[in-house]
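Observations on chain architecture
Here is what each chain is made of, one letter per residue.
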Amino acid sequence: MGKQSELLFEKAQKYIPGGVNSPVRAGKSVGMNPPFIAEATGALIRDVDENEYIDYVGSWGPMILGHAHPMVVAAIEKRIAKGTSYGAPTELEVTMAETIVDMVPSVEMVRMVNSGTEATMSAIRLARGYTGRKKLIKFDGCYHGHADSLLVSAGSGVATLGIPGSPGVPDDLARHTISIPFNDIEAVNQAFDKYGPEIASVIVEPIPGNMGVVIPDKPFLRELRKVTREHGALLIFDEVISGFRVAPGGAQELYGILPDLTCLGKIIGGGLPVGAYGGKKEIMICMAPEGEIYQAGTLSGNPLAMAAGIATLEILKQGNLYMELEQKSDVLFSGLENAARDAGIQVVINRVGSMGTLFFTAKPVSDFAAAKESDQDLFRKYYRSMLEQGIYLAPSPFEASFLSAAHTNEMIEKTIRSASKAFRRLRA
Ligand code: KE4
């Protein structure tokens, strides 16, 4: 890593646990200290040592338009002159809520929060309050943020760091969460046979991005909808990643399945801190101050974040960006697949739209157990080689790569050439 990044990382570790404000950024899974970023424009990101990279992290999903999109920057610049936060309702929040309701098929009402974690934490509290039940089903390898009830064999940072659940989560809370293999509808039915009347909700990433990308089996999501309805449990789609990513209306639009509640984040803030949870009106009106179930936030619906998010969604809801993203992503990931094959490296690629993951394995990856069987040592070497060639990937085998509207054909071709070289080095 560059000199300035090393110096900053050393200093950061004096004041910040692990030197980072979110664990996965520390790069422990790839055994490398992280580059410190100075700026980013479009699909390019530059570190403090003047190294430039093609960015496939995109701030872990929000930057679907690319960094510093002119319309988003203009929206923030225009808004900031009016102040940054009032702690009072604004027209922007109404516009954002109307836009989400308009774009996300199952959402009739929505509440803004400040992160994906707050969104899922609030949604499970709402599900428990609405049903009067305690138990929760989640899936191994799915990550829903760091609320206590959800840090039970989660994926993403927890999986990458190898912490099964987390110290500090009380046992008598964790035991209310049942975590089962993704795509395993038999296990879901067994859980409902055993705990049915106690289950408040099933929360799922309809297209998981936190064990790497995994494709839901066709009947799986449909069965989830059926079994939750039969048992009076709420189905929560955590679309913090897939929302507005795979279609204007997210995975629920793509697969035609309507959950009871949807959690959103990332893209709806245009890179500023935002989360949201929404769903059927009869459920959402149970939230204070209309109902009894409590959730609050000083900066919820913050005007700057709303301005950035509205500018982003206005562009996405035109819908024409998704075909372009699909084409670019197909070129990239099929190029990676061909390059690996030509170098004699076995890979499996899972992709939906502009979110995808390359696993170093020969076996299909349809759940977390299979993802964990992929060769993490090969991933580490691949990651390092790509970074040295100016390609910025997520420093973990259990994450998604994201394309944006700003990735050009030349950048994609350069990425494929770099991967080809990286794969050949793996053979050496
Ligand atoms: P945040 O609290 O980090 O805004 O969102 C939590 C969350 C909820 N649901 C899903 C499906 C998510 O992917 C996330 C957060 N994603 C991780 C990476 N996949 C954020 C990166 C990080 O933890 O630094």
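Please read all numbers here as calculations on a predicted model, not as lab measurements. (Residues numbered from 1 in each chain as written. Predicted model: local features only at pLDDT ≥ 70, side-chain atom pairs only at ≥ 80, totals over all residues. Heavy atoms only, no water.)

1. So, the nonpolar core
Core analysis: the biggest nonpolar cluster contains 38 residues, and Phe360, Tyr382 and Phe423 have the highest contact counts within it. With 7 residues, the single largest contributor to this core is helix 15 (residues 409–427). Apart from residues lying up to four places away in sequence, Tyr382 is in contact with Leu336, Leu358, Phe360, Leu393, Ala419, Ala422, Phe423 and Leu426. (Core = buried A, V, L, I, M, F, W, Y, C linked by side-chain atoms within 4.5 Å. Buried < 20%, exposed > 50% of the residue type's maximum accessible area, 1.4 Å probe, protein only. Helix = DSSP H or I, 4+ residues; strand = E, 2+ residues; numbered from the N terminus. Contact = heavy atoms within 4.5 Å.)

2. A word on the environment of Lys317
If you trace the backbone, Lys317 turns up in the loop between helix 11 (303–316) and helix 12 (321–342). Lys317 gets classed as partly exposed once you look at its relative accessible area, which sits at 36%. Remark: the alpha-carbon pair of Lys317 and Gly58, spanning 259 residues in sequence, is separated by 20 Å. Setting aside its immediate chain neighbours within four residues, Lys317 contacts Thr99, Asp102 and Met103.

3. Observations regarding a positive patch on the surface
A cluster of like positive charges, contributed by Lys414, Arg417, Lys421 and Arg424, occupies part of the molecular surface. Looking at the secondary structure, you find Lys414 in helix 15. (Patch = residues over 30% accessible without salt bridge, like charges linked within 9 Å, V, L, I, M, F, W, Y side chains within 5 Å. Areas by Shrake-Rupley, 256 points an atom, 1.4 Å probe, with all protein chains shown as cover. Salt bridge = Lys/Arg side-chain N within 4 Å of Asp/Glu carboxyl O. Lys, Arg positive; Asp, Glu negative; His and termini not counted. Charge placed at Lys NZ, Arg CZ, Asp CG, Glu CD.)

4. Digging into the environment of Arg222
With respect to the element layout, Arg222 can be found in helix 8 (residues 218–231). For Arg222, a relative accessible area of 51% gives the class exposed. C-alpha separation for the pair Arg222 and Leu261, spaced 39 residues apart in sequence, amounts to 15 Å.

5. Quick word on the sheet that holds strand 12 (residues 355–359)
Within the open sheet, the 3 strands sit side by side as 11-12-14. Their pairing is antiparallel. The open sheet terminates on both sides in strands that have one partner only, identified here as strand 11 (348–352) and strand 14 (401–402). Note that strand 12 and strand 14 share 2 bridges and pair antiparallel. By the bridge assignment for strand 14, Met355 is matched with Phe402. Sheet strands in contact with helix 12 are strand 11, strand 12 and strand 14, and its direction is about 175 degrees off that of strand 11. (Pairing = 2+ DSSP bridges. Axes fitted to C-alpha atoms, helices over the stretch in contact; angles between N-to-C directions.)

6. Section: the layout of surface pockets
Here the second largest pocket is characterised by a volume of approximately 560 Å³. If you trace the second largest pocket, you find 28 residues lining it, with Glu93, Val110, Arg111, Met112 and Ser300 closest to the centre. Within the residue set of the lining of the second largest pocket, elements represented by two or more residues are helix 3 (91–103) and strand 4 (109–113). Counting residues per element, the lining of the second largest pocket draws most heavily on strand 4, at 4 residues. Of the residues contributing to the lining of the second largest pocket, the split by class is 15 nonpolar, 9 polar and 4 charged. (1 Å grid on protein atoms, 1.4 Å probe; cavity = no way out; pocket = protein on both sides within 12 Å on 5 of 7 lines; lining within 4 Å. Points joined across faces, edges and corners; volume = space filled by probe spheres on them. Nonpolar A, V, L, I, M, F, W, Y, C, P; charged D, E, K, R; others polar.)

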